[in-house]
Amino acid sequence: MIGFILSLIIGGVIGALAQYFTQKDVPGGVIGNIIVGFLGSSLGGWLLGDLGPTVADFALLPAAIGAILVVLIYDLIF
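Note that the structure is a prediction, hence the values are computed from the model and not measured.

A few words on the overall build of the protein. When helices and strands are counted, the protein shows three helices and two strands. Taken from N to C terminus, the helices and strands of the protein fall in the order α-α-β-β-α. Taking 78 residues into account, the globule formula puts the C-alpha radius of gyration at 12 Å, and the protein, at 11 Å, falls close to it. By its C-alpha atoms, the protein is 35 × 25 × 15 Å across when sized along the principal axes. When the 78 residues of the protein are sorted by exposure, 33% land in the buried category. Looking at the protein alone, contacts between residues at least 24 apart form 53% of all its contacts between residues at least 6 apart.

Its 20 residues place the ends of helix α2 (residues 29–48) 27 Å apart at the C-alpha level, agreeing with the 28 Å of an ideal helix rising 1.5 Å per residue. Of the residues making up α2, those classed as buried are G32, N33, I34, V36, G37, G40, S41 and G44. On its buried side, α2 packs onto α1 (2–22), β2 (58–59) and α3 (60–77). Just downstream of α2 lies G49, where phi reads positive at about 75°.

Glancing now at the environment of Q19. Along the chain, Q19 falls in helix α1. By relative accessible area, which is 14% here, Q19 ends up buried. Once you skip the residues sitting within four places of it in the chain, Q19 turns out to touch K24, D25, V26, N33 and V71.

Cut-offs applied
Residues numbered from 1 in each chain as written. Predicted model: local features only at pLDDT ≥ 70, side-chain atom pairs only at ≥ 80, totals over all residues. Heavy atoms only, no water. Helix = DSSP H or I, 4+ residues; strand = E, 2+ residues; numbered from the N terminus. Rg over C-alpha atoms; globule rule 2.2 N^0.38 Å. Buried < 20%, exposed > 50% of the residue type's maximum accessible area, 1.4 Å probe, protein only. Contact = heavy atoms within 4.5 Å. Expected span 1.5 Å × (residues − 1).

Quick look at the structure:
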């Protein structure tokens, strides 16, 4: 249970950082940040693998880069 909660927190932080660096908004508030963090982690892991430090099964550098890409793709579509 603690691992799941930690994953939600890390996903939310990664999503919030992606929005901060891109200066774009994703709707949904905290839930939107968590979704962006999880999608970005999947995309970044697929593109870059497990590069850099890992926290709660998130490789931080690929997750952050993937989340930034997810926010930019979302902004292009909508």
